[in-house]
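Summary of structural features
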Amino acid sequence: MERRLGRRPVILLGHSMGAQIGVYHLARHDPRVAGLVAVAAQSPFHRGFPGPVGRKLRAGSVFLPALGWLSGHVPGQFFGAKGRIPADRIRDWARLAAAGVMQPARADLDYPAGLSRVTVPALAVVIADDPLAPASAARNLLAMLPSARTTLELEPEALGHNSWARRPAEVVARVLAWTDREVVRPEGDDDEVVDA
């Protein structure tokens, strides 16, 4: 994109775990990044989930690393996925689910320290009735950015955790309105839509 558009500010947009990866990237203070949008996203910290889901996450943060240690992996179906998830990834997930700490074991930087200095704005769009990313869990994701201007917006229509992307108009309208309000653009930078 830089070759086609030149160097310009970028807003990272991630869905679910993709937004968590975007948060990791913010800790690197990439000067190109002007903001983050997290759609149907959350921190898996167990305290952000009500009742049984929170208890399952807490138990999983103990049980799944032990299973990974014994077998070297965890079956993906524990997460609604296919294949095998490597044990080291499970340990990193378990740290986040148990304590809310985003710090992979073999990281090359101190993520919590980096995130504490992030000042670019961040938006979390919560989809109504999404048990995988309730508002409380989205707030925990935004809480990882204590120095940033953060906004949480609720999309009142129950569009589904993944299926919102089939009918994205409402979410896109929220993102564009937030961008116009919160993201500072350099002088002379006009909005441009590029066909991929």
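Up top is the structure these notes are about.
Read on for an overview of the structure. (Residues numbered from 1 in each chain as written. Predicted model: local features only at pLDDT ≥ 70, side-chain atom pairs only at ≥ 80, totals over all residues. Heavy atoms only, no water.)

Topic: the packing of helix 3 (residues 51–71) against helix 4 (residues 87–99)
As a packed pair, helix 3 and helix 4 sit with axes 9 Å apart at the nearest point and diverge in direction by 160 degrees. Between helix 3 and helix 4, the angle falls in the class roughly antiparallel. Classified by chirality, the crossing of helix 4 by helix 3 is left-handed. Here Leu57, Arg58, Gly60, Ser61, Leu64, Pro65, Gly68 and Trp69 of helix 3 come into contact with helix 4, specifically with Ala87, Ile90, Arg91, Trp93, Ala94, Ala97 and Ala98. Partitioning the contact of helix 3 with helix 4 into residue classes produces 10 nonpolar, 3 polar and 2 charged. (Axes fitted to C-alpha atoms, helices over the stretch in contact; angles between N-to-C directions. Helix = DSSP H or I, 4+ residues; strand = E, 2+ residues; numbered from the N terminus. Parallel < 35°, antiparallel > 145°, perpendicular 65-115°, else oblique. Left-handed = near helix turned anticlockwise from the far one by under 90°. Contact = heavy atoms within 4.5 Å. Nonpolar A, V, L, I, M, F, W, Y, C, P; charged D, E, K, R; others polar.)

Overview of the packing of aromatic side chains
Aromatic ring pairs are described here by two measures, namely the spacing of the ring centres and the angle between the planes. Enumeration according to the criterion identifies 2 aromatic pairs in this entry. Where tyrosine 24 meets tyrosine 111, the ring centres are 4.9 Å apart and the plane angle is 90 degrees; that geometry is what we call edge-to-face. Of the two residues, tyrosine 24 sits in helix 2 (residues 17–26) while tyrosine 111 sits in helix 5 (residues 111–116), which places them 87 residues apart along the sequence. In this structure, tyrosine 24 and tyrosine 111 share a single accessibility class: buried. Between phenylalanine 63 and phenylalanine 78, the ring centres sit 6.0 Å apart and the planes meet at 65 degrees, which makes this aromatic pair edge-to-face. (Phe/Tyr/Trp six-rings, centres within 6.5 Å; stacked < 30°, edge-to-face > 60°. Buried < 20%, exposed > 50% of the residue type's maximum accessible area, 1.4 Å probe, protein only.)

Notes on the pattern of salt bridges
Per the counting criterion, the structure on display carries 9 salt bridges. Across the salt bridge formed by aspartate 30 and arginine 32, the nearest N and O atoms sit 2.6 Å from each other. By relative accessible area, aspartate 30 is classed as buried at 14%. For arginine 181, the salt bridge is made with glutamate 153, and the minimal N-O distance between the two is 3.0 Å. In this pair, arginine 181 sits in helix 7 (residues 169–182) while glutamate 153 sits in strand 6 (residues 150–155), placing the two residues 28 residues apart along the sequence. The partly exposed category is assigned to arginine 181, whose relative accessible area is 49%. What you see here is one network of salt bridges that share partners, running through Glu153, Glu155, Arg174 and Arg181. (Salt bridge = Lys/Arg side-chain N within 4 Å of Asp/Glu carboxyl O.)

What about helix 7?
Over its 14 residues, helix 7 extends 20 Å from the first C-alpha to the last, a length consistent with the 20 Å expected when each residue adds 1.5 Å. Every buried residue of helix 7 is accounted for by Val171, Val175, Trp178 and Thr179. Down the axis of helix 7, the buried side of the element spans an arc of 105 degrees, and every buried residue falls inside it. Among the exposed residues of helix 7, those pointing more than 90 degrees away from its buried face are Ala169, Leu176 and Asp180. Those residues of helix 7 that are buried are in contact with strand 1 (10–15), strand 2 (33–39), strand 5 (122–127) and strand 6. (Expected span 1.5 Å × (residues − 1). Arc of directions from axis to C-beta.)

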